[in-house]
Amino acid sequence: MPSTFAAVDLGASSGRVILARVTPDTLEIEEVHRFPNRPVRVAGALHWDILALYRGVLDGLRAAGAAAGGRLDGVGVDSWAVDHGLLDATGALLGNPVHYRDARTDGTAEKVAAVLPPDELYAATGLQHLPFNTVYQLVAAQGTPQFAAARRALLIPDLIAYWLTGEAGTEITNASTTQLLDPRTRDWSPTVAARLGIDVGLFPPLRGPGDPAGLLLPHVLAETGLEGPVPVTAVGSHDTASAVVGVPAAGDDFAYIATGTWSLAGVELDAPVLTEASRAANFTNELGVDGTVRYLRNIMGLWLLQECLRAWEAQGRPQDLDALLAGAAEAEPLRSVVDAGDPAFLAPDDMPRRIADACARTGQPVPRTPAEFTRCVLDSLALAHRRAVDEARRLSGRSVGTVHIVGGGAYNALLCRLTADATGLPVVAGPAEAAALGNVLVQARAAGVIGGGLPELRALLRATQPLRYYDPSGGRAAWDEAASRIAERTEQRTERQTEKEDETCA
């Protein structure tokens, strides 16, 4: 009889609970509950509605239990990175966690650079510069009454697990996204903590994927109708860490692109790359499952298209996504492309206008129709994927023969085809639920249902999950020319950022 596990997978735009039935040779998943993740702006600050998310988790566990006959063999939780909740001395939450897209960290990176220069920060943590990293959030919070009352900081998946079990821990793959962890020692960086006055004791003890994280509390069992005991297992709680486990690669000569609101593109390594060239290219070294390092770059991702769709709907022009993608496939290729890593696209609201402004500013035709905007977005993402894959293999020395696209973007056939054409490499698309699958695989291995390392886990994926394949087509010259245009703009932006940092440090 298969063992049953629930994967709680929280994304930036929605959450889902996946029920998995696992044997040594089979792996079947079923989405039993999906719920929206809608940020809320209160008094000018953007927050996550964490209680609504927790309500969705409980509803999902109830649905999973009903589908599994009232009994689960385990639960694991993964989510997005960097954000956290602050708890007081009684364990009560001190307000809804602030959203990483909130403006409270504006200017904080410059303040940090004045105390701890960017090259030293990178040498200590190997993390790419993102203005909303946890380290900047904590520095921005220093001196506030809420922070003064805080006695515990829990990253989002650890907060959910704490509410489910009453036991607190800090899962290491997500801890590595805080810019407070040393990827070589796999422990907190004393250099960063001391220089910035951050007490890493706010975070409970570190734990790794596969470690026990407690049992569902009695009131949680009553709320969900589950029969206890139900263990909660720490998984790769950063959703990308779980998604990389869910990459069905054979061998190690692959690049991955975990797509959704963000695209996270890179390679899997055994050790971090902490060179100055790596820092200049804004690559990050985040910890993965089984002692691996996720060497990758964050790309704005399908957020660009999601925000366009939201803007058109607000204007009374809602778009059918399938029809929009069909129109984009027929639109003129590479007519207009933008730098998908430009921070100008980070904030919400009126994305079509910002894309139009970027095209006009660089002397390109401005998209006229939703289909042309969509083609611009997808061509631009494919170019960003190409650049990230090329630079990851150059900086790490890892050869790449195949690109794996997992996550929601695996459903987007046009994006997959364009990525194959842009990179000149074959693309394997799927599974779309890679994060949930990686979550489940770690749980099942911890429970003794399956064995082996990452190669064995991925072999089970290849044997059980549907995949699609895209070979690159011709037209390399057009992609090369477009890539050169984008590279020039990106280098100019990087130079401006470096000059700004140098002025701050001086």
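Right, let's walk through the structure included here.

**Re the packing of aromatic side chains**
Aromatic ring pairs are defined here through the distance separating the ring centres and the angle between the ring planes. All chains considered together, the criterion is met by nine aromatic pairs. Taking the centre distance of 6.0 Å and the plane angle of 50° together, the rings of W48 and Y100 count as tilted. With W48 in the loop between β5 (45-47) and α1 (50-67) and Y100 in the loop between β7 (84-87) and α2 (108-115), this pair connects stretches of sequence that are 52 residues apart. Taken individually, W48 and Y100 each receive the classification buried, so the pair is uniform in this respect. Judged by centre distance (6.3 Å) and plane angle (50°), the ring pair of Y100 and W262 falls under tilted. With Y100 in the loop between β7 and α2 and W262 in the loop between β15 (254-259) and β16 (263-269), the pair connects residues that are 162 residues apart, well separated along the chain. As far as the burial class goes, Y100 and W262 line up, both buried. Clustering of aromatic rings is evident, with ring pairs tying together W48, W80, Y100, F132 and W262. Here R101 stacks its cationic end above the ring of W303, 3.6 Å away from the centre of that ring.

**Some words on the side chain of S263**
Mapped onto the elements of the fold, S263 is located in strand β16. For S263, a relative accessible area of 1% corresponds to the buried category. Within the structure, S263 has its side chain in polar contact with the side chain of H385 (distance 3.0 Å). Contact partners of S263, with chain neighbours within four places excluded, come to I257, A258, R297, N298, I299, M300, G301 and H385.

**Looking at empty space enclosed by the protein**
A full pass over the atoms with the stated rule returns three cavities of 30 Å³ or more. Around the largest cavity sit H84, G85, L86, L94, G95, N96, P97, V98, R104, Q137 and Q146, which together line it. Here the lining of the largest cavity takes three residues from β7, the largest share from any one element. Grouping the constituent residues of the lining of the largest cavity by class yields four nonpolar, six polar and one charged. As for the second largest cavity, its lining consists of V77, P157, D158, A161, E171, R207, A213, V232, T233, A234, V235 and S237. Going through the elements one at a time, α6 (156-165) and β14 (231-233) are the ones with two or more residues in the lining of the second largest cavity. Counting residues per element, the lining of the second largest cavity draws most heavily on α6, at three residues. Residues of the lining of the second largest cavity, tallied by class, amount to seven nonpolar, two polar and three charged.

**Examining the sheet that holds β15**
Two pairing modes exist for strands in a sheet, parallel and antiparallel, and in both the strands are linked by backbone hydrogen bonds. Ordered by their spatial adjacency, seven strands build an open sheet running β17-β18-β16-β15-β19-β20-β21, and the pairing between neighbours is mixed. Only two strands of the sheet have a single partner each, and these edge strands are β17 (284-287) and β21 (468-470). If you compare each strand with its neighbour and ignore which way they point, the axes differ by 30° on average. Both β15 and β16 contribute to a ladder of five bridges, which runs antiparallel. Residue pairing for β16: A258 is matched across the bridge by L264.

**Some thoughts on the environment of V389**
Here V389 shows up in helix α15 (residues 370-396). With residues near it in sequence (within four places) discarded, V389 still touches A255, V400 and L425.

**Let's talk about the pattern of salt bridges**
In total, this model carries 29 salt bridges according to the counting rule given. A salt bridge links E433 to R34; the shortest N-O distance between them is 3.5 Å. Of the two residues, E433 is situated in the loop between β20 (427-429) and α17 (434-446) and R34 in strand β3 (residues 27-36); the sequence distance between them amounts to 399 residues. The salt bridge involving D480 is made with R386; its shortest N-O contact spans 2.8 Å. Linking D480 in helix α19 (residues 476-505) with R386 in helix α15, this pair joins segments that are 94 residues apart in sequence. Among the residues examined, R386 registers a relative accessible area of 12% and is labelled buried. The network of salt bridges with common partners includes R55, D59, R62 and E223.

**A few points about unusual backbone geometry**
Here G228 and P229 are connected by a cis peptide whose omega angle stands at -5°. Checked against the element boundaries, P229 lands in the loop between α9 (218-224) and β14. Between G430 and P431 the backbone carries a cis peptide bond, its omega angle lying at 0°. Here P431 is to be found in the loop between β20 and α17. The phi dihedral of D290 falls on the positive side, at around 60°, and the residue is not glycine. Assignment of secondary structure puts D290 in the loop between β17 and β18 (293-299). Unlike most non-glycine residues, D350 shows phi in positive territory, near 50°.

**Section: the pairing of strand β1 (residues 3-10)**
Within β1, eight of the eight residues are buried, which leaves the element mostly enclosed by the surrounding structure. Burial along β1 is two-sided: the residues S3, F5, A7 and D9 and T4, A6, V8 and L10 are all buried. As paired elements, β1 and strand β2 (residues 14-22) share eight bridges and run antiparallel to each other. Of the residues in β2, the one forming a bridge with A7 is I18.

**Quick look at the side chain of R16**
Within the fold, R16 resides in strand β2. Separated by 2.8 Å, the side chains of R16 and D9 make a polar contact. A polar side-chain atom of R16 sits 2.8 Å from a polar atom in the side chain of S14.

**What to know about α17**
Here α17 contains 13 residues, and its C-alpha end-to-end distance of 18 Å stays within 8% of the 18 Å for a straight helix at 1.5 Å per residue. Buried residues dominate α17, accounting for 11 of its 13 residues. Regarding α17, the residues found buried are A434, A435, A436, L437, G438, N439, V440, L441, V442, Q443 and A444.

**Some points on the packing of helix α12 (residues 303-314) against helix α14 (residues 351-361)**
Between α12 and α14, whose axes approach to 7 Å, the crossing angle comes to 120°. Classed by the angle they form, the pair α12 and α14 counts as oblique. Of the residues in α14, those touching α12 at W303, L304, E307, C308, A311 and W312 are M351, P352 and I355. For the contact of α12 with α14, the class distribution of residues is eight nonpolar, no polar and one charged.

What counts as what
Residues numbered from 1 in each chain as written. Predicted model: local features only at pLDDT ≥ 70, side-chain atom pairs only at ≥ 80, totals over all residues. Heavy atoms only, no water. Phe/Tyr/Trp six-rings, centres within 6.5 Å; stacked < 30°, edge-to-face > 60°. Helix = DSSP H or I, 4+ residues; strand = E, 2+ residues; numbered from the N terminus. Buried < 20%, exposed > 50% of the residue type's maximum accessible area, 1.4 Å probe, protein only. Lys NZ or Arg CZ within 6 Å of the ring centre and 35° of its normal. Polar contact = N/O pair within 3.5 Å; in protein donor to acceptor, adjacent residues only side chain to side chain. Contact = heavy atoms within 4.5 Å. 1 Å grid on protein atoms, 1.4 Å probe; cavity = no way out; pocket = protein on both sides within 12 Å on 5 of 7 lines; lining within 4 Å. Points joined across faces, edges and corners; volume = space filled by probe spheres on them. Nonpolar A, V, L, I, M, F, W, Y, C, P; charged D, E, K, R; others polar. Pairing = 2+ DSSP bridges. Axes fitted to C-alpha atoms, helices over the stretch in contact; angles between N-to-C directions. Salt bridge = Lys/Arg side-chain N within 4 Å of Asp/Glu carboxyl O. Expected span 1.5 Å × (residues − 1). Parallel < 35°, antiparallel > 145°, perpendicular 65-115°, else oblique.

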